[in-house]
Structure formats: structure tokens, C-alpha cells
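Structural characterization, general
One letter stands for each residue in the lines below.
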Amino acid sequence: MFDAISLTINIGMLGYFMFSLFTGGLESFANNYVFIGYLIFTTLTLPNFLARVIFKSRIFGFVSALSFLYFPIQFLLQVIVANLTGLSLSEILPFGVIFNLILWNVLFLLFVIGDNKSGNESEFTLGEILSGMLPAIIYVIFTFVLIRQRDSVVALDYLQHLTVPNKMFNDGILCILPGQCSNLFLQHGYTTFYHLVFGNLSTFIGTNSIKTFYMLDIVFPLVVSIPIYLKLKEITKSTLWSQLGVLLALLTFVMGGYDFVFFIPQTFALYLLILALREKELKLPQLFFISILLVSTHFIIGTVFAGYLWFRFLIIRNLKTRKEKTVFLLLLLLSVIFFCLANIAGFSTEKLLQEEAVKVIGSLTNAYYPSNLTVYIQNLGAGWLLVIVAYFSVLINRKRDVEDLSLLSFITFGISFYFLAPTYANKFAIGLGFFATILIIKYLWKLGFKPAMKIVLFMLLVPIWGLNYFVQYSRYLTFYTQEDGTASAIVKEDEAIIEYLTENNLTDRFIVSDPYTQIIIASLGNIDTVNAQYMPLETRENLLRYLENPSAQTYEQLLTSPGIPAREDITILYTSRLHRSIELNDQAWLYNVYSLPTNNSYSINEVGKYLIEDQERLNNDLIYISDNFVLLK
Amino acid sequence: MKTFYLKLLTIVVILSGIYLSINRYYQYVQYKNFEIINQRQSLIIQLPNTEYIEITSKNDHITDYEEISEKPFNVITNIQKNSTLEASIVRTDFFYEYAENEENRRETTITPIDNRNLDLKIDSTTAYQFKEGLKYAIQLDYSNKTKYRYSGEPGIIYFEDKGCKVEIYDPNLDYDVTGNNQTLILKRDYSPNVEYNLKLTINCKE
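Worth saying up front: this structure is predicted, and the values here are computed from it rather than measured. (Residues numbered from 1 in each chain as written. Chains lettered and ligands numbered in written order. Predicted model: local features only at pLDDT ≥ 70, side-chain atom pairs only at ≥ 80, totals over all residues.)

**A word on the overall build of chain A**
- When helices and strands are tallied, chain A shows 28 helices and five strands.
- Viewed in the frame of its principal axes, chain A has a C-alpha envelope of about 80 × 65 × 45 Å.
- The burial tally for chain A puts 50% of its 633 residues in the buried class.
- Counting contacts in chain A only where the partners sit at least 6 residues apart, residues at least 24 apart contribute 72% of the total. (Helix = DSSP H or I, 4+ residues; strand = E, 2+ residues; numbered from the N terminus. Buried ≥ 20, exposed ≤ 12 C-beta atoms within 10 Å, placed from the backbone. Contact = placed C-beta atoms within 7 Å.)

Here it is in C-alpha cells:
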């Protein structure tokens, strides 16, 4: 039955695409939500079918994580073809995406048909996949009906990361580190492994970027729900408990970690870790390969994940006696208490050892006691009570499962790193939703509640997580909420500049503007800017100084500011954000790298006459693009 | 037997969890008598009567009411707030502003307690020479003309305007009201470190 359902859904999709092709033409696919969603789903699950059909391994597991390497390999092959044929990457890359779509369909068909000869495996597997996705569908409806607005983009990270595949596609640049392609990456945090997957979802096929980001937030949780479900099913053997676990894991909004909310390098690393954890025990070579994969996905979070896997392998696996396990559990508790108290006493890595980084950013990146405690507790809310009960249950239990120790270790790692407080410590809260949920579900399942009670628990646990998730997510959105109530990083007024840049090819220009406009035009217009949203503080100050007192001297000062390439002609994009800053003397954006005024509605009624005169001196014209943008070109 | 007690404990914990979650949700969605705006170079408490109270470091002054009248934060070289985009990752339930120039530093924190009450803490470190009778003063500027009244209760003054009543509690109350009836000046004897721990209660007709 599940074979038939899956095949029917897929054929239905393909039929719909054929219909769309005839009615709307090929261009219509760029804005077609169904197509974008299908593209994301097939791209993210292609490695799973490669693992199952080609490598004869389990569909969601270690091999499927490694199969993501398909994308960099495919990209390299396309680069070779481009070099051999003389074609540009922008001509070749779309065919790669189309090939992947076809490949997915072939593998899916082989998975279903090939299996029918020998047994009923695909029927069972697809049944499990659909069971796992069911709670994710409920999650998606909850999130995208009650919390998110249509086409909202609520992670600037998407815009930043998009610049990398954009550069690869448009300029034919091959880069291993994103900083080699784009000047938006001040530190090397990852290889371009993630960006190649990301490119296949957006730039390489030319789908609408904003719609792609939006659909990605819908489809990614659907995909992730499958390995979470399978992991829980393996533990509990219960469909209901596993589905509850999926729902609770997805309904955990981790501030800074964003577990399954966005598809960004750190959450991609988490997904790969979850796939790897599907294996009961990773062998040494497997551990070695997955470590490389994780580290290349995210140099810090991936390394922590890899470290955790090695810790499991070297330490936890070798805890044999009850006494050893008791000592271990107490050590975990002590670690939490120690790091927490050290933080309360004033210890902070960023304050003590990362002064330089803090200076560049302009302020500390972490909250401190008691706020940091509140922030961490709010990630799981009342769910922490169950984690504590589960911990003590493991501690007093005669039989101690190694899996429980692993889960508690991960949670302890997260807490310890968080309270060590390096810059952006809250990123280390990542994975809390998954590991805490597994621990809680495992604990509840072991208690052996009767079916009626199970239903009652289900009805109680979902609101606990759901309400906390709603508050967490809504609070997060306040930072993207514009003055007209729109909760999105994309500002309506900015559409004018995107449209202008699309119609007028300015990709050879180096544009200087306010940091928020820079991230918009760098990602959606493929324009080089002064480190986009990370525009250095000194450059911000010099730009404002020039706009307020235009002269040869202040212009020269701007030209020699950090981030502006030597001997490069710059084009200034005067925006409402800059105009407002000058008119209202609002200079908060000068003092902190992350201070980014979002709204761009303050009409530019008049550009200062001294600025006009100085631009005339530079032989520049003023191009009025809209009420909110003037290009000094 | 152990399982029975664990089950019981679990049910109690889950019921407590429900209570806590509903409480948190209620606190988030309930109607509030104010909204805090922490965007430019001030902190604004927006009231539902369309008026607002502004607290800005630029209006802090040090005076002996004779010769000296200095504004230590008239020029600010650095201002930081927890309302910027990336600060969302350290989102907490308070509103924070830090202002500094070469010699002076000032931290302001507004912590909403519930839909009516909020705590306002100002901690100012300045470098001026001490003089007898020298005062440090902060200002609470209301956007409309109003009448500040002493409530009769120690430390509490209040004003009423357009359906809103705002009570300001300062445990070390020493105040003035400016001639235009818009500004409340709260004073302290000058010292290099001056602290204010105020409590505001805002009641507005819905």
C-alpha cells in the first residue's frame, strides 16, 4: 500500500509539473512552490537512495551521510566538463540539477520495483518514512499557519550563504572555503561542502531565492523527521512513542542552535550526525570518515560533534561495570555544576581569551548570569524537568544503558560549552532538541504506561513543547519584525533595488552602502560590497562621515577604509537607512557589527547639496531608483 | 514499586510542566500596558495612549545648581543594545543599553515584570570632581504635558494622562519637575558611581 501511495504521490507531482510546463512554460518553475519543495526534498533525500540502491546500505544511516559527498563530486565533474568544453559553469550547472531530479526518480523506482522481486522491504520502509513524516507535517502546519508569514525569510544566514553558490555559478569560481568566493566570510567556519548542496537547491537551477528559503524551512524538518523517527522506533519499537518524539524534537526552538528550524551549515552537521547515529556502533574507519565530513561541514560545531562520536567510541563504550557508569554519571552532573558555577563566578572565554574577536564585533556576543541561565532553560522550557527526572532515573536504575549515558553526555557537552562562553556560545545548544527528546521518550517508554495513559501523556506533552516553541519562535521573530508588522528579513522597499540590479548589470561595480542593504544586494543581486552585513565599524563611520561632510578628504578616507579593495572604484548606494541615520542622528549601527537597521521606509526627499556637488566632482550622476534608493554612479 | 513512584513523579512533573508552559505562554501573549522600544539612542516605554516615556543618557546631568552644569553623555562614542539582529541569539526578557564616552559609562536595563510593572535600573559611572551639593540627575521625559504628583506613599510619585496612570517608585526619591511639565528629574548626591533602581507601574484603560 505504501509503495502505491508513494508512487502515486510522485507520479502526481510529475504530472503536475508537465501540466505547469504546458500552461506556464519553463520560467514558471522558478516561482512554483510545489516544484521548489519537490526539488528540495529530492535533493536532500538523493543521498539516501544512493545509499540504499547503489551502495546496498540502510536508507538513513552512515552511508547516506557520506553519500552527500555526491554533490561535491558532481560539481567537480561539472567543472572538468566546463574546462573541456569551454562552456561556463552557469550553462552546465542547471543540467546537474535536472540530472539529479531524474536520478532521484530512477533510484526511487528501482527501490520500489527492484525490491518487489525479493520481498516487501520498500513497502515497509516507505511505510516507516511516511509514519515519521506525519508528525512533521503537523509541525509544519503549526509553524507555517500560526507563526511564520508567507515568503518570510527569518535567517540572514541564508542570504549570506547564497553568495557562495552565486559566485560559483555566475563567475565560475571554484572555492574550497567560502571566503575564497565571497567577502562575507570574515572567518573560515566551514568548507563549501554545504554551499554545494545549497546551490543545488537554489542558484544552480535559478529558482526564486526567497521562495526557496521559505520552502527550505518547510521541507528540511520533513526530511529530518525520518531519521529521528527511525532512531526512536529502533529504541522503543513503538510507532506512537516515536511519532511523539519526532514532534517534540521538532517543537524545540533552540536559540542560536536552530536545530531543525533552518538549513544552515550547523544544522546540516546535526543532520549528518543524526544519520551517523543510526548505526548502533560506528567502527573506526566509519568514525574517521564521518569526522572528516562533520568537520568539513562546520569547523566548530562539526568538530564538537566529531569529538562527541569519538568520546562515545573511546570512553562511553568502554564503561562496563555499574560502578564505572555511576561515577561517569556523577561526573557529568559535576561538570554541569562546575561550569555553571564558574560562569556565575565570572569566567567567560570570550571575556578572557577572545578580546580581539569581541573588539571586531563591537560587543560581547553572549548573555551573562542570570540572563544566560534563563536563555538556556527557555530552549527546552518545562521539558528540562523531564530531563532531570530521566537523569535520576538512569542514576538509580540497576541496568544502565550505554545509550542513556551517550545522550546525557551530549547534553552535558552542550551545557559545558555554553557556560564556558566562547563567542556565540549559544550555538553549542544545538542538538538539545534531538538528544533531550530521545532521552525523555526512552525514559517514558521504559515506564510502560498503559495505552490510555500513553494517549493522555501525548496530549499533555505536545502542549508543553508546543507552547514553549511558539513563544521562543515568536520572540525570535521580533528581531525580523518590520514597522509594518512583516516578520521577514526581506523588506518591501528593497525590492526596487533588486529589480534595478536585475535589469541593469552592475556586477562589475563595488557598491558601498549601509550594511543591511549590502547583504541584500550582495546575495540577491550578486554585487560585491564591503563585507555586506559585516561591514567593518571603521568603514561604517567613514561612510557616514563622508555622507555628512562630503569632501575630497572624507572621500579619500572612505576609499582607504577596511574592506574596500585598493585601487577599486566604488559606487555609493544612498539608502533610506543612511538618510534616516543622518537626519535623525541615529548612529547605533556604527558601534556594533550586528547592529543592522532593517526598516528602509524613511523617504529620501532630498539628497544633501554638498553630496551632489562632491559627486559631480567625481563625475558621478545621481540615479533615483525609488524613494528609498539613490545610486551615485 | 519503584516504577510506580517514578510514574507518579512523572505525572506530577508533566502536570507542573503544563502549568509552567501555559504560564509562560500567557505572559507572552497577554495584553501589556506598555511596549519597550530599544532602537535609537534612548529607551522608550510606549504607552497605549500613544504617548511615551523616554529615557536617554544624553539628558543625564551633573549640577550644583550654581556654576556647574555638565552633561556627561552629551557625546557618546559607543552605544550598544540587545535589540540588534544577531542579539536574537542571546534574546532575554530584558532591554539593555550601554553608552560610553572616553571617561563615562552608563548601563540601563528595563525588565518587564508583568503586564503592568517594570523595573528600571540605571548604573552610571562618571569621572567628575566631587563638590559639596553636587547632584547627578537622570530624566524621565514624557511626550505630553502632565502633572507629576506625590502619592503620599514613601518614594512614589505618579502622573495621569489620557487614560493611563504611571507610578514611579524610587526608594531614594529626590525629584524635580521641569517647567514644561514633561520631565521628571530624579537626583542623587554625586558620587563616581550612581545607581537607580526604579519601579514603574503602568495602568491604562483597555
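Resuming the write-up.
**Topic: the overall build of chain B**
- When helices and strands are counted, chain B shows one helix and 16 strands.
- Taking the principal axes of the C-alpha coordinates as reference, chain B spans close to 80 × 40 × 35 Å.
- For chain B, buried positions account for 30% of its 206 residues.
- Relative to all contacts within chain B whose residues are 6 or more apart in sequence, the contacts with residues 24 or more apart total 55%.

**Here's the deal with helix α28 (residues 609–617) of chain A**
Residue and element names in this part refer to chain A.
- Among the residues of α28, those classed as buried are Leu611, Asp614 and Gln615. Looking straight down α28, one finds that the buried residues subtend no more than 100 degrees of arc, so they occupy a single side. Pointing more than 90 degrees away from the buried face of α28 are the exposed residues Lys609, Glu613, Glu616 and Arg617.
- At its buried positions, α28 is contacted by α25 (537–548), α26 (552–559), β4 (622–626) and β5 (629–632).
- Of the residues one or two after α28, Asn619 is the one with positive phi, at around 60 degrees. (Arc of directions from axis to C-beta.)

**Overview of the interface of chain B and chain A**
- Chain B puts 33 residues into the contact, and the matching count from chain A is 40 residues.
- For the side of chain B that touches chain A, the secondary-structure elements that each account for two or more residues are α1 (2–29) and β6 (78–81) of chain B.
- Per-element tally for the side of chain B that touches chain A: the top contributor is α1(B), with 16 residues.
- A breakdown of the residues in the side of chain B that touches chain A according to their chemical character gives 15 nonpolar, eleven polar and seven charged. (Nonpolar A, V, L, I, M, F, W, Y, C, P; charged D, E, K, R; others polar.)

**A few points about the sheet that holds strand β2 (residues 528–529) of chain A**
All names here are of chain A.
- An order of β2-β1-β3-β5-β4 is seen for the five strands of this open sheet, with the pairing classed as mixed. Every interior strand has two partners, whereas the edge strands, β2 and β4, have only one.
- Where strand β1 (residues 510–512) lies against β2, two bridges are found, and the strand directions are parallel. The residue bridging Phe510 from the neighbouring strand is Asp528, located in β2. (Pairing = 2+ DSSP bridges.)

**Description of the domain arrangement of chain A**
All names here are of chain A.
- Annotation of chain A at the domain level lists domain 1 (1–23 + 34–112 + 133–449 + 464–487) and domain 2 (492–632).
- A straight line from the C-alpha centre of domain 1 to that of domain 2 covers 36 Å.
- Listed per partner, the contact involves 18 residues of domain 1 and 20 residues of domain 2.
- Elements with a contribution of two residues or more to the side of domain 1 that touches domain 2: α7 (156–171) and α17 (355–361).
- It is α7 that contributes the most residues to the side of domain 1 that touches domain 2, seven residues altogether.
- For the side of domain 1 that touches domain 2, the per-class residue count stands at seven nonpolar, ten polar and one charged. (Domains from an automatic or database assignment.)

**Regarding the packing of helix α2 (residues 33–54) of chain A against helix α10 (residues 209–236) of chain A**
Residues and elements named next belong to chain A.
- Viewed as axis vectors pointing N to C, α2 and α10 meet at an angle of 45 degrees, and their least axial separation amounts to 9 Å. As far as their axial angle goes, α10 and α2 are oblique. Judged by the sense of rotation from one axis to the other, the crossing of α2 with α10 is right-handed. In contact with Tyr33, Ile36, Gly37, Ile40, Phe41, Leu44 and Thr45 of α2, α10 contributes Lys211, Thr212, Met215, Leu216, Ile218, Val219, Leu222 and Val223.
- Counted by class, the contact of α2 with α10 contains eleven nonpolar, three polar and one charged residues. (Axes fitted to C-alpha atoms, helices over the stretch in contact; angles between N-to-C directions. Parallel < 35°, antiparallel > 145°, perpendicular 65-115°, else oblique. Left-handed = near helix turned anticlockwise from the far one by under 90°.)

**Focus on helix α18 (residues 371–380) of chain A**
Residues and elements named next belong to chain A.
- Residues of α18 that are buried: Asn372, Val375, Tyr376, Gln378, Asn379 and Leu380.
- Each element contacted by the buried residues of α18 is listed here: α15 (322–344), α19 (383–396), α20 (402–420), α21 (432–447) and α22 (451–477).
- Just past α18, the residue Gly381 takes up positive phi, approximately 55 degrees.

**With respect to the environment of Asn620(A)**
All names here are of chain A.
- Of note, Asn620 is situated in the loop between α28 and β4.
- With 16 C-beta atoms counted inside 10 Å, the residue Asn620 sits in the partly exposed group.
- Apart from residues no more than four positions distant in its own chain, Asn620 is found in contact with Gln615, Leu632 and Lys633.

**What to know about the pairing of strand β8 (residues 105–112) of chain B**
All names here are of chain B.
- A one-sided burial pattern is seen for β8, the buried positions being Arg106, Thr108, Ile110 and Pro112 and the unburied ones Arg105, Glu107, Thr109 and Thr111.
- Pairing of strand β7 (residues 95–100) with β8, which is carried by six bridges, proceeds in the antiparallel orientation. From the neighbouring strand, Tyr96 faces β8, where its bridge partner is Thr109.
- Sheet topology places β8 next to strand β9 (residues 117–125); eight bridges connect them, and they run antiparallel. Counted as the bridge partner of Thr111 is Asp119 from β9.
- Where β8 folds back on β9, the antiparallel hairpin that results is connected by four residues.

**What to know about the pairing of strand β15 (residues 183–189) of chain B**
Residue and element names in this part refer to chain B.
- Inspection of the sheet shows strand β10 (residues 135–142) paired to β15 by seven bridges, in the antiparallel sense. Pairing of Leu140 across the sheet is with Leu184, part of β15.
- For strand β14 (residues 175–177) and β15, the ladder comprises three bridges, and the chain directions are antiparallel. Bridge assignment links Tyr175 to a residue of β15, and that residue is Leu186.

**Things to note about the confidence of the model for chain B**
All names here are of chain B.
- When the pLDDT values of chain B are averaged, the result is 87; 93% of them are 70 or greater.
- In the model, residues 86–90 has pLDDT below 50 throughout and makes 14 contacts with residues more than four positions away in sequence or in other chains.
- The ipTM assigned to the predicted complex is 0.87, against a pTM of 0.89. (pLDDT = per-residue confidence, 0-100.)

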